[in-house]
Amino acid sequence: MAAPDYIVEQVKRLSEESGETFVVTPNPIAGTELYAVYACEHWLPPRYTRDKGLLGFRVPANLPLGCPEDSFFIAPDDLQLVVADPVRNSRDINRAGKSTGILKGSDLGDISVLVFSWHLWNKVPWDRGRHTLLDHYQHCLRRFEQSEHD
Amino acid sequence: MTKLPLSKRATRANVACPRQIWDAISAQLKAQAPNEACTFALTWPSVGRERATAIIGEPIWPLTGEVQATPYKLEISSDYISRALDAAIDAGPHCGLALIHTHPDTQFGRGIAQFSARDDWYEDRLFPTFTVGRSLPICASVVLGSGAADVDARIWWDDGGKAKVQPAELVRIVGPELTLLETPYSTWADHPDPDVMDRSTRIWGKEGRRRLQNLRIGVVGAGGTGSIVLIGLATMGAGDLSSWDKDVLKKENLHRMLGAIKAKLGAHKPDALAVILEMVATASPFSFHSHPVWGTSADALEDLKDCDLIFSCVDRLAARVPLNDLAYAHLIPAIDVGSSIHVADDKRVDAVMTHAHVLSPGIPCAWCKQTITSYKLMREAQGAQRGIEDRAAYGLTPEQTDGVEPSVLALNMLGVSLGLMEFMQVALGVSDRTPRDLKFILPQWELDESDLNTQRGCTTEANVGRGDSVRIIPYEPKDAS
């Protein structure tokens, strides 16, 4: 089942307004009614071991009635910090775990990604009449703007 | 004698109105007796497969001097007509106008709710102004007699550049209860042998029995709760039932579908119930329309606009969204019934809930009651990966489930009983108050009524009575369960 027109249109607007090339998976993720929206060559923060990578998130077919998942993912899954975080004494990216299965059945294949659960929408609840994918994307970028450790 | 341009916009025509607006208009106009009185009001169209409805909205009251009234006639100024028309055009391409006026008691007798020869003459000249060149709106004219239930109504529309008119059979007043006023063109009929339901008639009277016989009730979903609703309604005396479900009867769902028999395995669920419904129905005549499609598909939503009341017996939250929207936008009250059983990790049932919610203007909508939230819709869409975002970031694998909820007849019967009690209140007015929504919960063994109010800025509330101007997004599940 192809992505609904609303999601396709939202992805187009997100690309225009962000300057990044976002696309949506042509089919839902296996076992779900979710579609992955992603950009293959998205900029990454300088503290990461690569300056570009995959960045995406999953949205329900009935967006905006249903909200995006409160998380996003990046790839490749071996991304790390260039310099170890002195608080955690680790080069692993904080609050990001490797996961497979979340892109199963999509055009990306069942690749392993790093999934962030950063409680993106913890301050302002999703408003189906007002918020768009651009709002969700901006919430994702907050993670890159904030410090690495809690 | 004016020859009105009679035609058919649809097989049936109705006028509908939110109760708050109807009561205000009726009270203000009738207070001007012994003079006749009138007001314009905005209208919104609701067009189904067989029924076209003009939904009356916000009144545009006359300013001082715009209407000259006597006990026998009204003179409406051109300024008032222009002002009303401007308001309708400003409100959007779907918006039309209604003219509502009164026939009060006079020295010559009772105020009769019937369009007079002068009314015909006047409206034949007035309504082309409102309709011609505007193809989307359905306009209306209504006359109120001196009795509370005395009404006559008709709808007007543009048919290829010419104004046409069709008498309306019913005026539906909604919020939250459903009141149906029959016009002289009503096709309702009484049961030919009313003694067969004497003990029910003692509760809701002859008027209630007449309503049950003639109400068009739609039941979306004919499974665990829908089957019980259908058999309950048919037994109680409902005369016109329709049901939508694309799912089929399987040996796995026989144990929780009332009225299902093994001989009907493989049949679509509504078809599987047709025989038993004919056997138990007490209404006469009785008709059951079976639709083996999803009740929230685009086609089914068109058919649902022909109903007077809907039962939502769906098992997906996403399906409740268009039914919620339809109830408020098209003034078709819905009763949503559902159950859920939570099984803990050790496979014991640790919580059980069944609910029946009225969805009708004057009652907070499903979004305000938090039956539907964006978060719950997203979780439902996660399907087999429900809750994965809480696990994946910590390297935990998704907990795969088959997404199938437990279900049992007894719990569904309890929820449906609550729903049928609410139906008795909404459609038959058996008590003073319509409850908000009712939930039975275990392990507390409590019946709880929601105390949540309509939220500020609720879009469902803002769309009350806006009919076809509101875009309702159909929903079809990916796979039949």
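The following paragraphs examine the structure supplied in this document. Please read all numbers here as calculations on a predicted model, not as lab measurements.

1. Topic: the overall build of chain A
Counting secondary structure elements, chain A contains two helices and six strands. Its helices and strands in sequence order give chain A the pattern α-β-β-β-β-β-β-α, from N to C terminus. In terms of overall dimensions, chain A is globule-like: its C-alpha atoms have a radius of gyration of 15 Å, near the 15 Å expected for 150 residues. Dimensions of chain A along its principal axes, counting C-alpha atoms only, are 45 × 30 × 25 Å. Per-residue burial for chain A yields a buried fraction of 53% across its 150 residues. A separation of at least 24 residues holds for 54% of the contacts in chain A among residues at least 6 apart in sequence. Carbon and sulfur atoms make up 52% of the accessible area of chain A, which amounts to about 6,700 Å² in all. For chain A, the separation between the mean place of its 16 positive charges and that of its 21 negative charges on side chains is 4 Å.

2. Brief notes about the interface of chain A and chain B
At the junction of the two partners, chain A supplies 32 residues and chain B supplies 25 residues. The junction of chain A with chain B conceals about 2,100 Å² of combined surface from both sides, 56% of it contributed by carbon and sulfur atoms. Looking only at chain A, the three residues that lose the most surface to chain B are A:Glu33, A:Leu65 and A:Arg128, adding up to 29% of its buried area. Our count for the contact surface shared by chain A and chain B stands at one salt bridge. Here A:Glu33 ties to B:Arg316 by a salt bridge, and the two come within 3.2 Å at their closest N and O atoms. On inspection of chain A and its partner chain B, the count reaches nine residue pairs in polar contact (both at pLDDT 80 or more). Of all the secondary-structure elements, those providing two or more residues to the side of chain A that touches chain B are β3 (52-60), β5 (96-99) and β6 (113-116) of chain A. Here the side of chain A that touches chain B takes four residues from β5(A), the largest share from any one element.

3. Details of the side chain of B:Gln385
Within the element layout of this structure, B:Gln385 appears in the loop between α9 (374-382) and α10 (389-392). Classification of B:Gln385 by relative accessible area gives buried; the value is 3%. Among the polar contacts listed, one links the side chain of B:Gln385 to the side chain of A:Arg58, at a separation of 2.7 Å. Within the structure, the side chain of B:Gln385 is placed 2.7 Å from the backbone oxygen of A:Gly101, a separation counted as a polar contact.

4. Concerning empty space enclosed by the protein
Applying the stated rule across the entire model yields one cavity of 30 Å³ or more. Here the largest cavity defines a volume of roughly 60 Å³. Contributing to the lining of the largest cavity are eleven residues, with A:Arg58, A:Glu69, A:Ser71, A:Ile102 and A:Val115 lying nearest its centre. Of all the secondary-structure elements, those providing two or more residues to the lining of the largest cavity are β3 and β4 (72-75) of chain A together with α10 of chain B. Residues belonging to the lining of the largest cavity are distributed by class as follows: seven nonpolar, one polar and three charged.

5. Side note on the packing of aromatic side chains
Residue and element names in this part refer to chain A. Under the defined criterion, the tally for this structure stands at 13 aromatic pairs over all chains. Between Phe22 and Tyr137 the ring centres are 5.2 Å apart and the planes differ by 80°, which places this aromatic pair in the edge-to-face class. With Phe22 in strand β1 (residues 22-24) and Tyr137 in helix α2 (residues 133-145), this residue pair connects regions lying 115 residues apart in the sequence. Classification of Phe22 as buried rests on a relative accessible area of 4%. In this structure an aromatic cluster arises from ring pairing among Trp43, Tyr48, Phe72, Phe116 and Phe144.

6. Digging into the nonpolar core
Residues and elements named next belong to chain B. Phe40, Leu233, Phe311 and Phe423 are the most contacted members of the largest nonpolar core, which totals 103 residues. For this core, the element with the most residues is helix α8 (residues 317-329), which contributes nine residues. Among all residues touching Leu233, those that are not within four sequence positions of it are Ile217, Val219, Ala238, Leu241, Phe311, Leu420 and Phe423.

7. Description of the pattern of salt bridges
Residue and element names in this part refer to chain B. Tallied over the full model, the rule gives 27 salt bridges over all chains. A salt bridge links Asp150 to Arg110; its shortest N-O distance comes to 3.0 Å. Of the two residues, Asp150 sits in the loop between β7 (139-144) and β8 (151-159) while Arg110 sits in the loop between β6 (96-102) and α3 (117-131), which places them 40 residues apart along the sequence. For Asp150, a relative accessible area of 25% puts it in the partly exposed group. A relative accessible area of 53% places Arg110 in the exposed class. The partner of Lys305 in a salt bridge is Glu302, and the shortest N-O contact between them spans 3.0 Å.

8. What about the sheet that holds strand β15 (residues 309-312) of chain B?
All names here are of chain B. Ordered in space as β14-β13-β12-β15-β16-β17-β18-β19, the eight strands form an open sheet in which the pairing is mixed. Every interior strand has two partners, whereas the edge strands, β14 (287-291) and β19 (446-449), have only one. Each strand axis lies, on average, 15° off the axis of its neighbour in the sheet, ignoring direction. Here β15 runs beside strand β16 (residues 334-343); their pairing, made up of three bridges, is parallel. For Ser312, the partnering residue across the bridge sits in β16 and is Asp336. Docked against the sheet, helix α6 (residues 269-280) engages β13 (240-244) and β14, running at close to 165° with respect to β14.

9. Points about α9(B)
Taken residue by residue, α9(B) has B:Ser374, B:Leu377, B:Met378, B:Glu380, B:Ala381 and B:Gln382 as its buried positions. A positive phi of about 55° marks B:Gly383, the residue just after α9(B).

10. With respect to the pairing of β14(B)
Residue and element names in this part refer to chain B. Judged from the five bridges that link them, β13 and β14 form a sheet pairing that is parallel. If you follow Leu241 over to β14, its bridge partner there is Phe288. For the segment spanning β13, α6 and β14, crossover handedness is right-handed.

Calculation notes
Residues numbered from 1 in each chain as written. Chains lettered and ligands numbered in written order. Predicted model: local features only at pLDDT ≥ 70, side-chain atom pairs only at ≥ 80, totals over all residues. Heavy atoms only, no water. Helix = DSSP H or I, 4+ residues; strand = E, 2+ residues; numbered from the N terminus. Rg over C-alpha atoms; globule rule 2.2 N^0.38 Å. Buried < 20%, exposed > 50% of the residue type's maximum accessible area, 1.4 Å probe, protein only. Contact = heavy atoms within 4.5 Å. Areas by Shrake-Rupley, 256 points an atom, 1.4 Å probe, with all protein chains shown as cover. Lys, Arg positive; Asp, Glu negative; His and termini not counted. Charge placed at Lys NZ, Arg CZ, Asp CG, Glu CD. Buried area = accessible area lost by both parts, 1.4 Å probe. Salt bridge = Lys/Arg side-chain N within 4 Å of Asp/Glu carboxyl O. Polar contact = N/O pair within 3.5 Å; in protein donor to acceptor, adjacent residues only side chain to side chain. 1 Å grid on protein atoms, 1.4 Å probe; cavity = no way out; pocket = protein on both sides within 12 Å on 5 of 7 lines; lining within 4 Å. Points joined across faces, edges and corners; volume = space filled by probe spheres on them. Nonpolar A, V, L, I, M, F, W, Y, C, P; charged D, E, K, R; others polar. Phe/Tyr/Trp six-rings, centres within 6.5 Å; stacked < 30°, edge-to-face > 60°. Core = buried A, V, L, I, M, F, W, Y, C linked by side-chain atoms within 4.5 Å. Pairing = 2+ DSSP bridges. Axes fitted to C-alpha atoms, helices over the stretch in contact; angles between N-to-C directions. Right-handed = clockwise from strand over helix to strand, strands pointing away.

Such coordinate-based values are descriptive only and should not be taken to indicate function.
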